[in-house]
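# Topology and contacts: notes
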Protein chains: 2
Amino acid sequence: MTIAVVGGTGPEGSGLALRWAQAGETIIIGSRDPQRAAEAASKIREQIRGAAGVPACDLKISGTENKAACESAEIIVLTVPFEVQAEMLKHIKPALRPGQILVDTTVPLAASVGGRPTRSLGVWQGSAAQQAAELVPESVFVVGAFHNVSADLLHQDGPVDCDVIVCSDDKQAAHSIRQLARKIPGVRALDGGKLENARIVEQITALLIGFNIRSKGHSGLRITGLPPEAYDI
Amino acid sequence: MTIAVVGGTGPEGSGLALRWAQAGETIIIGSRDPQRAAEAASKIREQIRGAAGVPACDLKISGTENKAACESAEIIVLTVPFEVQAEMLKHIKPALRPGQILVDTTVPLAASVGGRPTRSLGVWQGSAAQQAAELVPESVFVVGAFHNVSADLLHQDGPVDCDVIVCSDDKQAAHSIRQLARKIPGVRALDGGKLENARIVEQITALLIGFNIRSKGHSGLRITGLPPEAYDI
């Protein structure tokens, strides 16, 4: 499975790429500028080589232009700010193929239009994830996930103390992305139900940013009170 | 401090009343029917007496009609379904006095109008809590809290594995309610910022209900990654 991280030079994208590369996944960092993408991939490679116990030969991480990155991937993870989400999806659309999974991590923060990062925008379709679903071919499976995972924690050493709530209308695609989420140490993945539920998960990020501002932390969330199999399916 | 629980015969209200009475708070259960309110108070009293180590003489729990319950309370906790929230606030309004704190726990679930409990309704003011603020005198401090605490867990023995996110435009009132939340064993209370943020906290409940349905649990949430003082202020 090859994972393209569109907007992979940004904090969230590069953090996810780092964690998945560490776990042995094949990663292509996407960027508008292929040179920047290649540099980001090199940086992640050096970062992992620097850490103990990871054999350099196991690292499968490269970088290229966003659309090219999508062409050779089974999973495409979109990690761009909301204000460029629709534009980016239109740009990569010609590269999308039936059966690919598009993971949307976009949060429609009011900061996208000069407002506060603790407030969200109303999206006509209900959520950024549903907007994404409208902008890709129907044969591409859209999944909303990773909205609540702190980019700072992804870049730090150690496990990430956060659950990932995965929303999709396609059960098999959601299952694949829950498996992928669990490759990040510390992360538990949960079935968040249909894609429409991404509207709540996206908004939680605005709340977490408020906690971070008030308390100077890198907040995440854990869902409690569920049987162990809820985190394991 | 006397706490009136409006709609206190319902699952969430009686659960909160039980936990606070156990902690030694003075509780008045409110109901449309004063007889039912008195019975609910008796039931909670017996329940606590049945448990070890709680001296009966310490229990200060009674029941009366909703409006009457509000008259002698410093804190009023509204625990009614969304479909009767506005009507109930209009009913108790004549009993409200300057300086009282109204804690709104209402979640605008689509189930209120025959829809799903995993979906929420759009409230014109932004949230049920902001609707409550519009319906009470300006001299009453409105706080949104306890939306995500499982009624089932409140009624079970043992600590409640859930954080309570407290939203209010009045810092002192929010502080008082965070203190009150911490009287429930297991609960940590967090500053959720302004009342407008209640819109996110309310919607989280719809997401939690989805987890409960899919996994047969009593879900709650914990916020991670904040310094200890964030849970303590």
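Located above this text is the structure these notes cover.
Anyway, here's the lowdown on the structure attached to this text.

Within chain A one finds eight helices and nine strands. Computed over its C-alpha atoms, the radius of gyration of chain A comes to 16 Å, within 12% of the 17 Å expected for a compact globule of 233 residues. Along the three orthogonal principal directions, the C-alpha set of chain A runs to about 45 × 40 × 40 Å. Here the analysis covers contacts within chain A between residues at least 6 apart in sequence; of these, 75% occur between residues at least 24 apart.

On to the relation of the copies chain B and chain A. Of the transformation placing chain B onto chain A, the axial shift is 0.0 Å and the rotation is 180 degrees, giving an RMSD of 0.0 Å. The superposition operator between the copies reduces to a two-fold rotation axis. Identified as the residue of chain B closest to the rotation axis by C-alpha distance is Arg222(B), at 2.5 Å. Interface overlap between copies is the fraction of interface residues in one copy that are interface residues in the other; for chain B against chain A it reaches 100%, indicating a shared surface.

This brings us to helix H8 (residues 198–215) of chain A. All names here are of chain A. With 18 residues, H8 ought to run about 26 Å at 1.5 Å a step, and its terminal C-alpha atoms sit 26 Å apart, in line with that. Burial analysis of H8 places 14 of its 18 residues in the buried class, which makes it a mostly covered element. Two residues or fewer after H8 comes lysine 216, characterised by a positive phi angle close to 50 degrees.

On to the packing of H8(A) against helix H8 (residues 198–215) of chain B, then. Running from amino to carboxyl end, H8(A) crosses H8(B) at an angle of 145 degrees, the nearest separation of the two axes being 10 Å. H8(B) is crossed by H8(A), and the crossing has left-handed handedness. Across from Ile200(A), Val201(A), Gln203(A), Ile204(A), Ala206(A) and Leu207(A) in H8(A), the residues of H8(B) making contact are Ile200(B), Val201(B), Gln203(B), Ile204(B), Ala206(B) and Leu207(B). Here the contact of H8(A) with H8(B) is composed, by residue class, of ten nonpolar, two polar and no charged.

With that settled, consider the sheet that holds strand S4 (residues 75–78) of chain B. Residues and elements named next belong to chain B. The strand order across the open sheet built from eight strands is S3-S2-S1-S4-S5-S6-S7-S8, with neighbouring strands paired in mixed fashion. Here the strands that pair on one side only, and so sit at the sheet edges, are strand S3 (60–65) and strand S8 (188–191). Pairs of neighbouring strands in the sheet enclose a mean axial angle of 25 degrees, with direction left out of account. Two strands pair when backbone bridges link them, and strand S2 (residues 26–31) and S3 are joined in this way by six bridges, in the parallel orientation. By the bridge assignment for S3, serine 31 is matched with glutamate 65. Across the face of the sheet, helix H7 (residues 171–181) comes into contact with strand S1 (2–6), S4, strand S5 (101–104), strand S6 (141–144), strand S7 (163–168) and S8 while running at roughly 165 degrees to S7.

Residue and element names in this part refer to chain A. Following both chains from N to C, one finds helix H4 (residues 85–92) and helix H5 (residues 128–135) inclined at 30 degrees, their axes separated by 10 Å at the closest point. In terms of orientation, H4 lies roughly parallel with respect to H5. For H4 against H5, the interelement crossing comes out right-handed. Judged by residue contacts, Gln85, Ala86, Leu89 and Lys90 of H4 engage Ala128, Gln131, Ala132 and Leu135 from H5. By residue class, the composition of the contact of H4 with H5 is five nonpolar, two polar and one charged.

Let us now look at the environment of Ala95(A). Of note, Ala95(A) is situated in the loop between H4 and strand S5 (101–104). Measuring from C-alpha to C-alpha, the distance between Ala95(A) and Asn66(A) comes to 9.5 Å, with 29 residues separating the pair along the chain.

Listed by partner, the interface residues are 34 residues for chain B and 34 residues for chain A. Interface area, chain B with chain A, both sides summed: about 2700 Å², of which 61% is carbon and sulfur. Between the two partners, chain B and chain A, sit four salt bridges. Taken together, the links from chain B to chain A amount to eleven residue pairs in polar contact (both at pLDDT 80 or more).

Turning our attention to the environment of Ser120(A). Residue and element names in this part refer to chain A. When you line up the elements, serine 120 lands in the loop between S5 and H5. Spatially, the C-alpha atoms of serine 120 and glutamate 39 are 33 Å apart, while their sequence positions differ by 81 residues. Among residues more than four places away in sequence, those in contact with serine 120 are Pro108, Leu109, Ala110 and Gln203.

Now for the packing of aromatic side chains. Residues and elements named next belong to chain A. Tallying each qualifying case throughout the model produces two aromatic pairs over all chains. Both rings, one in tryptophan 20 and one in phenylalanine 146, keep their centres 5.3 Å apart while their planes meet at 80 degrees; by these two values the pair is edge-to-face. Taken together, the residues tryptophan 20 in helix H1 (residues 11–22) and phenylalanine 146 in the loop between strand S6 (141–144) and helix H6 (151–155) connect sequence positions 126 residues apart. Taking the ring centre of tyrosine 231 as reference, the NZ or CZ of arginine 188 above it sits at 3.8 Å.

How each quantity is defined
Residues numbered from 1 in each chain as written. Chains lettered and ligands numbered in written order. Predicted model: local features only at pLDDT ≥ 70, side-chain atom pairs only at ≥ 80, totals over all residues. Heavy atoms only, no water. Helix = DSSP H or I, 4+ residues; strand = E, 2+ residues; numbered from the N terminus. Rg over C-alpha atoms; globule rule 2.2 N^0.38 Å. Contact = heavy atoms within 4.5 Å. Least-squares fit on C-alpha atoms with pLDDT ≥ 70 in both. Expected span 1.5 Å × (residues − 1). Buried < 20%, exposed > 50% of the residue type's maximum accessible area, 1.4 Å probe, protein only. Axes fitted to C-alpha atoms, helices over the stretch in contact; angles between N-to-C directions. Left-handed = near helix turned anticlockwise from the far one by under 90°. Nonpolar A, V, L, I, M, F, W, Y, C, P; charged D, E, K, R; others polar. Pairing = 2+ DSSP bridges. Parallel < 35°, antiparallel > 145°, perpendicular 65-115°, else oblique. Buried area = accessible area lost by both parts, 1.4 Å probe. Salt bridge = Lys/Arg side-chain N within 4 Å of Asp/Glu carboxyl O. Polar contact = N/O pair within 3.5 Å; in protein donor to acceptor, adjacent residues only side chain to side chain. Phe/Tyr/Trp six-rings, centres within 6.5 Å; stacked < 30°, edge-to-face > 60°. Lys NZ or Arg CZ within 6 Å of the ring centre and 35° of its normal.

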